[in-house]
Amino acid sequence: MPMIDVYSTDGTFSDKHSLAKDLANAVMRWEKVPPISLFENNTAAFIHDLPDGAISNAAGSSNYVRVQVLTPIGVLDRDKQLGVVRELTDIVAAAANDPSLVDRTWVLITESPEGGWGINGHANTSADIVQAARDELAKKAQ
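The residue count restarts for each chain, going from 1 along the sequence in the order it is written. Local features in this predicted model are restricted to residues of pLDDT 70 or higher, and side-chain atom pairs are both shown and tallied only at a pLDDT of 80 or more, whereas totals for entire chains, interfaces and linings draw on every residue. The basis for the side-chain values is all heavy atoms of the structure; hydrogens and waters are excluded.

1. A few points about the packing of aromatic side chains
In step 1: By convention, a stacked pair of Phe, Tyr or Trp rings (six-membered ring in the case of Trp) has centres within 6.5 Å and planes under 30 degrees apart, an edge-to-face pair has planes over 60 apart, and any other such pair is tilted. For the structure on display, the rule yields 1 aromatic pair.
In step 2: Note on Tyr64 and Trp106: the rings are 4.4 Å apart at their centroids and 15° apart in plane angle, and the pair reads as stacked. Pair noted here: Tyr64 is in the loop between strand E2 (44–50) and strand E3 (65–72) and Trp106 is in strand E4 (residues 105–112), with a separation of 42 residues, a long-range link.
In step 3: A residue is classified by how much of its surface remains accessible, and Tyr64, at 16% relative accessible area, is buried. Each helix corresponds to a stretch of at least 4 residues labelled H or I by DSSP, and each strand to a stretch of at least 2 residues labelled E; elements are numbered beginning at the N terminus. To sort residues, take the accessible area from a 1.4 Å probe on protein chains only and compare it with the maximum for the residue type: under 20% means buried, over 50% means exposed, and anything in between is partly exposed.

Below, the structure written as structure tokens:
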């Protein structure tokens, strides 16, 4: 149930809604979670447009995109990390219609500490999230 933040210069993406949805669905696929409301309604991407000049590397270039993925701890093993970084980078470049953006897209994966994933006013542990998923799947099976 990650939260994804994309930071780029205003005008980089023409269809922000589709980009956000594509990124959220990609991370759900890499997490290998079932397509249930618990995950579909709580996996989201936020596209942040920054004004010209608000981004710079040490050399002064500002044509970069930063994608930050915040996940509960332990959800993405090494293979999943590699896959999610590759796919999110490709999605960003395609959404910008700029294949060269692959070389200028930073993807950062950050894990929330155990118990630090809040939904519905409750700080959930990994066990809480797994139980909520099991409960929803059991209701669907009835």
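After that view of the structure, there is still more to cover.
2. Let's talk about the packing of helix H1 (residues 16–31) against helix H3 (residues 78–95)
In step 1: Taken N-terminus to C-terminus, the directions of H1 and H3 make an angle of 165°; their axes are 10 Å apart at the nearest point. Here H3 runs roughly antiparallel to H1, going by the angle between their axes. For the crossing formed where H1 meets H3, the hand is right-handed. Residues Leu19, Asp22, Leu23, Ala26, Val27, Arg29, Trp30 and Glu31 of H1 pack against Asp79, Lys80, Gly83, Val84, Glu87, Leu88, Ile91, Val92 and Ala95 of H3.
In step 2: Put simply, Ala, Val, Leu, Ile, Met, Phe, Trp, Tyr, Cys and Pro go in the nonpolar bin, Asp, Glu, Lys and Arg in the charged bin, and everything else, Gly too, in the polar bin. Residues of the contact of H1 with H3, tallied by class, amount to 10 nonpolar, 1 polar and 6 charged. Note on method: axes are straight lines fitted to C-alpha atoms, helices fitted across the in-contact stretch only, with angles between N-to-C directions ranging 0 to 180 degrees. Throughout, the term roughly parallel applies to angles under 35 degrees, roughly antiparallel to angles over 145, roughly perpendicular to angles from 65 to 115, and oblique to all others. Left-handed is the label given to a crossing in which the near helix is rotated counterclockwise from the far helix by less than a right angle, and right-handed is the label when the rotation is clockwise. We call two residues in contact when some of their heavy atoms are within 4.5 Å.

3. Points about the pairing of strand E1 (residues 3–9)
In summary, the side chains of a regular strand alternate between the two faces of the sheet.
In step 1: Of all 7 residues in E1, 5 are buried; the element is thus mostly enclosed.
In step 2: Only strands joined by at least two bridges in the DSSP assignment are considered to pair. In this sheet, E2 lies alongside E1 in parallel orientation, the contact comprising 7 bridges. When the bridges of E2 are listed, Ile4 appears paired with Ala45.
In step 3: Of the pairings in the sheet, the one linking E1 to E3 comprises 5 bridges and is antiparallel in character. Bridge assignment links Tyr7 to a residue of E3, and that residue is Arg66.

4. Comments concerning the side chain of Thr89
In step 1: The residue Thr89 is located in helix H3 in this model.
In step 2: Side-chain polar atoms of Thr89 contact the backbone oxygen of Val85, separated by 2.7 Å.
In step 3: Beyond its immediate chain neighbours, meaning those up to four positions away, Thr89 contacts Val102, Thr105 and Val107. A 3.5 Å cut-off defines polar contacts: any pair of N or O atoms within that distance qualifies, except that in protein one atom must be a possible hydrogen donor and the other a possible acceptor, and neighbouring residues in sequence count only when both atoms are side-chain atoms.

5. Points about the pairing of E4
In step 1: Here E3 runs beside E4; their pairing, made up of 8 bridges, is parallel. Considered in E4, the bridge of Gln68 is made with Leu108.
In step 2: Handedness of the crossover is the feature at issue here: the chain leaves E3, passes through H3, returns alongside E4, and the resulting connection is right-handed. Here a crossover is taken to be right-handed if, once the strands point away from the viewer, the path from the first strand over the helix to the second is traced clockwise.

6. A closer look at empty space enclosed by the protein
In step 1: Cavities and pockets are found on a 1 Å grid laid over the protein atoms alone: a cavity is a set of points where a 1.4 Å probe fits but cannot escape, a pocket is an open set with protein on both sides within 12 Å along at least five of seven lines, and a lining residue has an atom within 4 Å of such a point. Grid points are joined across faces, edges and corners, and a volume is the space filled by probe spheres set on the points. A complete count under the given rule lists 1 cavity of 30 Å³ or more for this structure.
In step 2: Volume-wise, the largest cavity comes out at about 40 Å³.
In step 3: Around the largest cavity, the lining residues are Pro72, Ile73, Ser112, Pro113, Glu114, Gly115, Trp117, Asn124, Thr125, Ser126 and Ile129.

Function cannot be inferred from these measures alone, as they are strictly geometric.
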